[in-house]
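Coordinates in review
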Amino acid sequence: MNNEETIISTIRQELDIIRSTRAQVMSQQEPTGENLFLAWGYPTAIVLFLEFLALQIWNEDWCSWLWVGIPLIGTPLMAYFLNEDYERTGRRTLEQNIILVMWIFIGFASCVGGAAMGFIGVFPLCYCAYQGLLIGFGCFMTGIILHFRPNIICGIIASFLSVIPLFLQGDLWPWQLLVASIISVVALIIPGHLFHNYVKNYESI
């Protein structure tokens, strides 16, 4: 009987070691940042769509500056979700820091580029294409860093779609904003939800 209890105790200890080792490995490999794409996708798509509607309704100069809300909303959300991941996992990976810095830079480039284009008078000509290319690039690079293929594919598609606004000039300019909003859905919201589900499924293993 003692031998049986000893064997059972040994088996339990070995199982505990296996569970502990597996949990440690899973923690080290746990994908994080499932909300990062959505943190930029929804503000970008919604703000650009509202700007499109505002121009259709009022057609005032102030409507063209609503895009400033994108980096003002997206950057704090990005920082918040990265901090949430850090509190959950107890660490901040190099990949997370790179993604945060990259998106802050994209937001900064969006603001500076938009202001510069407005100052020299070419804002209606190429800003939406510029914005779409930035979003596509950010989506693509985020997918590369996180090794998530849907984001890579959607980033490439968005980069190609960013050419469309260049053909919508003159009276058709407001429709550039609608195209840019669609690009945001393709580049960020769709892959964002796919990655969110992927991380949730991973955590349930």
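1. With respect to the packing of aromatic side chains
Think of a pair of aromatic rings as described by two things: how far the centres are apart, and how the planes are tilted against each other in angle. One pass over the structure, following the stated rule, counts 4 aromatic pairs. For the pair Tyr127 and Tyr130, a centre-to-centre distance of 6.1 Å together with 50 degrees between the ring planes defines the contact as tilted. Of this pair, Tyr127 and Tyr130 both sit in helix 5 (residues 123–146), 3 residues apart, which is roughly one turn of that helix. Here the aromatic residues Phe49, Phe52 and Trp175 are joined through ring pairs into a cluster of three or more.

2. Describing the environment of Val163
Inspection of the secondary structure puts Val163 in the loop between helix 6 (149–161) and helix 7 (174–203). For Val163, a relative accessible area of 37% corresponds to the partly exposed category. Sequence-wise, Val163 and Gly132 are 31 residues apart; in three dimensions their C-alpha atoms are separated by 8.3 Å.

3. Describing unusual backbone geometry
Phi angles above zero are rare outside glycine, and His147 is one such case at about 60 degrees. Note on placement: His147 falls in the loop between helix 5 and helix 6. Judged by its relative accessible area of 72%, His147 is exposed.

4. A short note on the environment of Val199
Its place among the elements puts Val199 in helix 7. Between the C-alpha atom of Val199 and that of Asn35, which follows or precedes it by 164 residues, the distance is 9.7 Å.

5. What about a nonpolar patch on the surface?
A surface patch of nonpolar side chains, amounting to about 880 Å² of accessible area, comprises Tyr42, Ile46, Phe49, Leu50, Leu53, Ile57, Trp58, Trp62 and Leu66. On the basis of relative accessibility, which here comes to 36%, the residue Tyr42 falls in the partly exposed class.

6. Here's the deal with the nonpolar core
Judged by nonpolar contacts, the single largest core of 44 residues is most densely connected at Leu36, Met78, Ile99, Trp103, Leu177 and Leu188. Elements with a minimum of two residues in this core: helix 2 (36–57), helix 3 (69–89), helix 4 (94–120), helix 5, helix 6 and helix 7. In contact with Leu188, not counting residues within four places along its chain, are Phe37, Leu38, Trp40, Gly41, Trp103, Ile135 and Cys139.

7. Side note on the packing of helix 4 against helix 5
Across the interface, helix 4 lies against helix 5 with an axial gap of 10 Å and an inter-helix angle of 175 degrees. Taken as axis vectors, helix 4 and helix 5 run roughly antiparallel relative to one another. Here the residues of the contact of helix 4 with helix 5 are counted per class, giving 17 nonpolar, 7 polar and 1 charged.

8. Topic: helix 2
Its 22 residues place the ends of helix 2 32 Å apart at the C-alpha level, agreeing with the 32 Å of an ideal helix rising 1.5 Å per residue. Directly beyond the C-terminal end of helix 2, a positive phi value near 55 degrees is found at Asn59.

9. Some thoughts on the side chain of Ser184
Take Ser184: it is sitting in helix 7. Using a relative accessible area of 0% as the deciding quantity, one classes Ser184 as buried.

10. Observations regarding helix 5
Over its 24 residues, helix 5 runs 33 Å from end to end, which matches the ideal 34 Å to within 8%, given 1.5 Å per residue. His147 occupies a position one or two residues after helix 5 and carries a positive phi of about 60 degrees.

11. Overview of the confidence of the model for the protein
Averaged over every residue, the pLDDT of the protein is 78; residues scoring 70 or more account for 77%. Within the protein, helix 1 (residues 2–29) has the poorest average pLDDT of any element, 52, and helix 6 the best, 91. Across residues 21–31, confidence stays below pLDDT 50; counting only partners more than four residues off in sequence or on other chains, it has 15 contacts.

12. A closer look at the environment of Leu168
Relative to the elements of secondary structure, Leu168 occurs in the loop between helix 6 and helix 7. Sequence separation of Leu168 and Leu125 is 43 residues, and the distance between their C-alpha atoms is 8.5 Å. Ignoring sequence-local partners within four residues, the contact set of Leu168 consists of Trp173, Trp175, Gln176 and Val179.

13. Considering the packing of helix 5 against helix 6
One can describe the packing of helix 5 onto helix 6 by two numbers: an axis separation of 7 Å at closest approach and a directional angle of 165 degrees. When the axis of helix 5 is compared with that of helix 6, the two are roughly antiparallel. Helix 5 and helix 6 meet at a crossing whose hand is left-handed. Of the residues in helix 6, those touching helix 5 at Gly132, Leu133, Gly136, Phe137, Cys139, Phe140, Thr142, Gly143 and Ile144 are Asn151, Ile152, Cys154, Gly155, Ile156, Ala158 and Ser159. Looking at side-chain class alone, the contact of helix 5 with helix 6 contains 9 nonpolar, 7 polar and no charged residues.

Reading the values: rules and limits
Residues numbered from 1 in each chain as written. Predicted model: local features only at pLDDT ≥ 70, side-chain atom pairs only at ≥ 80, totals over all residues. Heavy atoms only, no water. Phe/Tyr/Trp six-rings, centres within 6.5 Å; stacked < 30°, edge-to-face > 60°. Helix = DSSP H or I, 4+ residues; strand = E, 2+ residues; numbered from the N terminus. Buried < 20%, exposed > 50% of the residue type's maximum accessible area, 1.4 Å probe, protein only. Patch = residues over 30% accessible without salt bridge, like charges linked within 9 Å, V, L, I, M, F, W, Y side chains within 5 Å. Areas by Shrake-Rupley, 256 points an atom, 1.4 Å probe, with all protein chains shown as cover. Salt bridge = Lys/Arg side-chain N within 4 Å of Asp/Glu carboxyl O. Core = buried A, V, L, I, M, F, W, Y, C linked by side-chain atoms within 4.5 Å. Contact = heavy atoms within 4.5 Å. Axes fitted to C-alpha atoms, helices over the stretch in contact; angles between N-to-C directions. Parallel < 35°, antiparallel > 145°, perpendicular 65-115°, else oblique. Nonpolar A, V, L, I, M, F, W, Y, C, P; charged D, E, K, R; others polar. Expected span 1.5 Å × (residues − 1). pLDDT = per-residue confidence, 0-100. Left-handed = near helix turned anticlockwise from the far one by under 90°.

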